[in-house]
Amino acid sequence: VPSFLSILSPSSLLSLPLFFRTQPKNMTVRAGTTVMLRCEVLRPSGVVQWVKDGLLLGPQQSLPGFPRYSLLGDPKRGQYYLQIEKTELEDDAPYECQVGQSESSRAIISHTAWINVQIPPSKPYFELETTEPWVAGKSYTVTCIAPDAKPEAVITLFKDGVELTGVESFPMSGSEDKLQNTHATKDSSDNGRELVCRAKNPALPRALETSLVMNVYFPPQNPVIQGLDREGLVKRGTTLKLFCVSQGGNPLATLHWTKNGEVISTSWEVDTESRRAISHLTLQVKPQDNQAELCCESVNQVTPVPLSNSRKITVLFEPEKVMVLGLFEAREGEEVTLCCYTSSSNPPVHIRWWLGFRELNTTVVNVEEGDHGGKTTMSNLTHVVSREENGLPLTCETFNKGTRFSKSQSNNLIVFYPPQKVWIEAPPPGLPLRSGTIIRLICFSIGGSPKGTLSWYKDDKVLSDYPKQVPSDKGVSKELAVRLQPSDNMATYRCNATNKAKMVLNASVKLMVQFPAVSVTIIAKQKELRRGQNLSLDCLSGSSNPQANISWSLGSTRLKGVDLPPKNTTFGGISVRSTLSLPLSSQHHGQRITCQAYSSLLSEGVNTFYKLNVLYPPEFIPDHPQKIQVVEDDTAILPLLVSANPDDVSCSWLYRKEELHKEMDPRYHFTESTAFEIWNVTRRDTGVYTVNCTNEVGSDNTTITLDVQYAPSVKMEKDPVYVDVGETADLFCVADANPIINTEMFSWKWLGEGEMEEMGEQSQDEATGQLTIEGATRAHAGRYQCTADNNIEPPASVSVQLVVRFKPELQKGAQWNKVASRGDGTRTAEVVCQGEGIPQLHFSWAKNGMPIDFIHPRYQEKTVREGSLHTSTVTVVNVSAALDYAVFTCTARNTLGEDTLNIQLLSTNQPDPPSEFRLVSFTHASATLEWIPGFDGGLEQRFRVRYRWADSVSFLYVDVFPPRANIFIVTGLSPATTYNFSVNALNSMGESGYADNNSVLTITTEGQSRARGLSLYQTVIMAVVGGAPLLALNWLGCFLCLRWKKRRFVLSVISRSTVSTASGSTRYEVRELVNPAAQRTLLIDSGSEPDSSVYESYAGVRGERGGGGGGERRGGGKRGGKGGYLVSFPLCHANELNPPKNISTAFQPCHKRTS
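These numbers were taken from a predicted model, which means no experiment stands behind them.

**Section: the overall build of the chain**
Here is step 1 of the chain: Per the secondary structure count, the chain includes 6 helices and 101 strands.
Here is step 2 of the chain: Each of the 1155 residues in the chain was classed as buried or not, and the buried ones make up 42%.
Here is step 3 of the chain: Of the contacts formed within the chain by residues at least 6 apart in sequence, a portion of 65% connects residues at least 24 apart.
Here is step 4 of the chain: Just so you have it, the chain exposes about 62700 Å², and 50% of that area is on carbon and sulfur atoms.

**Some points on the pairing of strand β72 (residues 699-716)**
Here is step 1 of the chain: With 5 bridges joining them, strand β64 (residues 627-631) and β72 adopt parallel strand pairing. When the sheet's bridge partners are listed, V630 is paired in β72 with V708.
Here is step 2 of the chain: Note: strand β71 (residues 687-694) against β72, 8 bridges, orientation antiparallel. Among the inter-strand pairings, T690 is bridged to a residue of β72, identified as T703.
Here is step 3 of the chain: The hairpin turn running from β71 into β72, its antiparallel successor, is 4 residues long.
Here is step 4 of the chain: Examined bridge by bridge, β72 and strand β74 (residues 729-738) share 5 bridges and lie antiparallel to one another. Considered in β74, the bridge of Y710 is made with N738.

**Things to note about the pattern of salt bridges**
Here is step 1 of the chain: The full count for this structure, using the stated rule, is 39 salt bridges.
Here is step 2 of the chain: The salt bridge involving D92 is made with K150; its shortest N-O contact spans 2.5 Å. Residue D92 is located in the loop between β8 (81-84) and β9 (93-99), and its partner K150 is located in the loop between β14 (140-149) and β15 (154-159); the two are separated by 58 residues in the primary sequence.
Here is step 3 of the chain: With a relative accessible area of 8%, D92 lands in the buried category.
Here is step 4 of the chain: Residue classification places K150 among the buried residues on the basis of a relative accessible area of 10%.
Here is step 5 of the chain: For E898, the salt bridge is made with R893, and the minimal N-O distance between the two is 2.9 Å.
Here is step 6 of the chain: E898 sits in the partly exposed class, given a relative accessible area of 45%.
Here is step 7 of the chain: Connected through shared salt-bridge partners, R68, E88, E90 and D91 make up one network.

**What to know about the packing of aromatic side chains**
Here is step 1 of the chain: Across all of its chains, the model carries 16 aromatic pairs by this definition.
Here is step 2 of the chain: An angle of 65° between the planes, with centres 5.1 Å apart, marks the rings of W750 and Y784 as edge-to-face. One end of the pair, W750, is in strand β75 (residues 746-750); the other, Y784, is in strand β78 (residues 782-788), with 34 residues separating them in the sequence. Across this residue pair, the class does not change: W750 and Y784 are buried.
Here is step 3 of the chain: Here the aromatic cluster, defined as three or more aromatic residues joined through ring pairs, consists of W653, Y655, Y668, F670, F676 and Y689.
Here is step 4 of the chain: Note that R948 overlies the ring of F955, its terminal NZ or CZ placed 4.5 Å from the centroid.

**Some words on the state of the cysteines**
Here is step 1 of the chain: Within this structure, the stated rule accounts for 9 disulfides.
Here is step 2 of the chain: No disulfide involves C295; its sulfur sits 7.1 Å from that of C296, the nearest cysteine.
Here is step 3 of the chain: What makes C295 buried here is its relative accessible area of 13%.
Here is step 4 of the chain: Of the cysteine sulfurs around C339, a residue in no disulfide, the closest is that of C340, at 7.2 Å.
Here is step 5 of the chain: Here C339 falls in the buried class, since its relative accessible area comes to 11%.

**Re the confidence of the model for the chain**
Here is step 1 of the chain: Overall, the predicted model of the chain reaches an average pLDDT of 82, with 85% of residues at or above 70.
Here is step 2 of the chain: Across residues 1-14, where pLDDT falls below 50, the model places 2 contacts with residues more than four positions away in sequence or in other chains.
Here is step 3 of the chain: Within the model, the stretch residues 1010-1155 combines pLDDT values under 50 with 291 contacts to residues more than four positions away or in other chains.

**Quick word on the nonpolar core**
Here is step 1 of the chain: By size, the foremost hydrophobic cluster in this structure holds 26 residues, and its most contacted members are M716, L731, C733, W748, Y784 and L802.
Here is step 2 of the chain: Elements represented by at least two residues in this core include exactly β72, β73 (721-724), β74, β75, β77 (768-773), β78 and β79 (796-810).
Here is step 3 of the chain: If we skip the residues at most four places from it in the chain, L731 touches M716, V721, W748, G769, Q770, L771, Y784, V800 and L802.
Here is step 4 of the chain: Listed in part, the 25 residues of the second largest apolar core include V29, L89, A93 and I108.

**Comments concerning the sheet that holds strand β44 (residues 438-446)**
Here is step 1 of the chain: Reading across from one edge, β42-β44-β48-β47 is the order of the 4 strands in this open sheet, with antiparallel pairing throughout. One side of each edge strand has no neighbouring strand; the edge strands of this open sheet are β42 (421-425) and β47 (470-471).

**What to know about the sheet that holds strand β65 (residues 636-638)**
Here is step 1 of the chain: Read across the open sheet, the 3 strands follow the order β65-β70-β69; overall the sheet is antiparallel. Each end of this open sheet is capped by a strand with a single partner; those strands are β65 and β69 (668-670). The sheet shows a mean angle of 20° between the axes of neighbouring strands, direction not considered.
Here is step 2 of the chain: As paired elements, β65 and strand β70 (residues 676-678) share 3 bridges and run antiparallel to each other. Within β70, the position partnered with A636 by the bridge is I678.

**Overview of the pairing of strand β82 (residues 842-847)**
Here is step 1 of the chain: Relative to strand β86 (residues 887-894), β82 runs antiparallel, the two sharing 6 bridges. Bridge assignment links F843 to a residue of β86, and that residue is A892.
Here is step 2 of the chain: Of the pairings in the sheet, the one linking β82 to strand β83 (residues 850-851) comprises 2 bridges and is antiparallel in character. If you follow K847 over to β83, its bridge partner there is M850.
Here is step 3 of the chain: What sits between β82 and β83 in their antiparallel hairpin is a turn of 2 residues, with N848 showing a positive phi close to 55°.

**Things to note about the side chain of S541**
Here is step 1 of the chain: With respect to the helices, strands and loops of the structure, S541 is situated in strand β54 (residues 534-541).
Here is step 2 of the chain: Apart from the residues within four sequence positions on either side, S541 is in contact with A517, S519, V520, I550, S575, V576 and A597.

Calculation notes
- Residues numbered from 1 in each chain as written.
- Predicted model: local features only at pLDDT ≥ 70, side-chain atom pairs only at ≥ 80, totals over all residues.
- Heavy atoms only, no water.
- Helix = DSSP H or I, 4+ residues; strand = E, 2+ residues; numbered from the N terminus.
- Buried < 20%, exposed > 50% of the residue type's maximum accessible area, 1.4 Å probe, protein only.
- Contact = heavy atoms within 4.5 Å.
- Areas by Shrake-Rupley, 256 points an atom, 1.4 Å probe, with all protein chains shown as cover.
- Pairing = 2+ DSSP bridges.
- Salt bridge = Lys/Arg side-chain N within 4 Å of Asp/Glu carboxyl O.
- Phe/Tyr/Trp six-rings, centres within 6.5 Å; stacked < 30°, edge-to-face > 60°.
- Lys NZ or Arg CZ within 6 Å of the ring centre and 35° of its normal.
- Disulfide = S-S within 2.5 Å.
- pLDDT = per-residue confidence, 0-100.
- Core = buried A, V, L, I, M, F, W, Y, C linked by side-chain atoms within 4.5 Å.
- Axes fitted to C-alpha atoms, helices over the stretch in contact; angles between N-to-C directions.

Structure follows, in structure tokens:
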């Protein structure tokens, strides 16, 4: 079969019409899903795009402003698909596919396609007709709403699972356009029933539900009281527990209890499962509750009136009190009358009387109304008592039939009758008893009811202050303890026995007592006693049995008296009298004369004394102090040891024949003991004091010497003391002191700096101390202190100036012999001449041998004196090389001589080398070096230390800091290693040669294992480096270079203080690590070290410039004393160094060798 191929020309293609091969269709989708509208165009030539609700979406695949919209398909095949992801309500709209007009075709538009987006409703909810609780018997409307659905939701209502009919349903507008709310209403009034609302629309996979449990209020049932028997009987003291139950009701009932109309409980609990309310009442039953009405009431919100139930209770209670009134005692044969009474009880009690085990019926009973609805009962008893009933219990018994209560009140019956017998146990009659002894009389009584009460009498006087009587089985006893006295002689003691029977029985006994004199009395015949009189005394003794003997004594001395005839007296005893005569002296005053009456039969006596009051004039004691020593400024007490009678003594003190009074000096004080006190006593109070004492009888006097001791005061005989060098100086120190100590009273002390080895010879002559210094030197000049000490504080000191006169001595040396300054006529130079001498120095100047006329304006001279130091400064203004570069001669004179110094003024230049380079000290890891600076060339100079050791490949250089220091510690050295050290000076114009004509200081450090503090061998070699030694060192350097690759040196510096530069250099703060490369450079150069500009440098503050206004500097700058500076690094064992005291601390690097 033949085949044909048709080929259309381009012009024919342009004329073909456009049309849609596939047009979009209506779509229904659930919200959140993806939907695609299809549009296929045959031969599209224009722009194809979608239109949403009249809005052009654009031809791009990703549509601007619509991130969920995209164009899919192959445009070459005419496929234009609109895809919408996660559809929303806003996508619910009409859509069209449009093809734009082109040159070959007109525009075409597809059919309108609707996208219907279905929205599920939100969770349904109920709306109630009212917010008030529902009440049974009324109807209420319930509305279920399913909001915001598209299309509208279908609502179905269920009650307890059964679908309800007659439900009204209608739609309303939702929260947004195109959404609808569905409302469904239904009347309901069932309490506790569940009402379910179910909503469904096509967008829901399953229906949504919400539920409501209907709550309808209705009243409860009447309450019921449980826990009480039919009669309502309860006993007092029991705990009554009642329950009130109210069934049903919504809400459940609230319960409360009342008693006699008063609320007593408002607590209750509910049981929702059994639908009841319960209230518990716990009542502690009291007699007051008898016939009380208990009521339980229930009520809820819909109860029109409270519902109640009540019960009345009857309380059975016994009497609270059972009392027996009346006396349970009577005399034998008499009646007792008693009454037994009970308080209110329910029911009333029955009363019975018992005597022992026998019931008594002679009673009368009376019952009356009592408290709380009870009854009171009273029973009266009358009974005649007998001796046999004594002690039997008499009982009132009560019994309550209702409570089965029994209570009795009992007391013993007491019948009174008299005792049977009374007697006394005592010493036999007629037996002599001694006074002071204790005898015991015991009275006994038996029988009687009650037992007898015993009482003691002495000669018909009752004795009350004695112990109580002691009972026994058959009676009682009472003991009387008597300490016999003279009054007991022939006295009668009686014991009476009585009781309530009112009969008295008694017994008695008579005593015979021996006793000493009851008293002794001394009678004086004179009223006033004086020294030299005779004393006459009588001594009378009181009654004694048997008779006493009288004796006299004065202290321990027995005296002889005269006895008179005895006499009878009281207590059946005898009295005796004796007389005494005694001559009196002042020593008798205050003494006692004793009279004693003594009985030899009893070996006992009684005495009394008579105190002598002898009148006599003042008398000083034999050992009265004659001398009083006191320290100045203390209180001097001059004692007054005087006796007199009468002691009203008037004393007066005399000093230098003048009577002393308090008004004369406020330091004078006269004490009550008439002693004389001088406060703040002074040396002027020394002397003899006389005291006169007088009383009304006479007078007497004595003397006392007052010695006032005082601390020394000193003064120098001459100050200052002048002496020429080599002469003998005598220093005299004069003291005023009391006492003067002949040896070691004076001491001398040097007050200058340091210690004086030989201060001189010390001596003393009485109150003068002397210090003799032979061959006085300038070192002896200064202040000396003389101290005097006589062991009375404080010691006294005085100082004296010793001036040693010597001829002028000018400062000389490299730093004093030259002065440098530029000679261009713009600078100022200061030529300084400094020296010491005493007396005062006078300076004169010459230039090139010609005296200088200081009237010239370019030359000015100024002299400054500080003690023995004199400084003369010549200021040269506008220095000229032609006129002023010369030799200036300074001459200093005083009375002892003169001294001259030539000072050359020249141009500024590089510094001179240091001199006298030496070792101060060294350890195993450090070396302390010192040198004398040379002339600085007129500029500020600094110093650099160079050193090396056998294994080093080159020299190591260390800049000294501070720059002007002339003593330096090199640390970080290795133990037991030999080092070679040199030092030179540098300024801005160059550097000097090395010290001491390029000498080398060779040092070998200590071994580290050696103990610190021991005396170690040290080797110090000074050698002048010449041609042959230098060649040897160069050869050694070449040999060590071969080992350099195997060794390296780690150099570290740790700052321990703040270091700054004078002009903008790096500042290193405390504890910062300093870059070792910035602090030290190891030079690998065999011959150009001095000329090399690469070396270790330490930043520091420039020292103070010397010189004058032009800034030029003379050699050495200002005089810095003997001190220097120390550079120290703690990590390099700086703590092991012992630098001189005048070295301050700065930086010092250290190095360490490693293989």
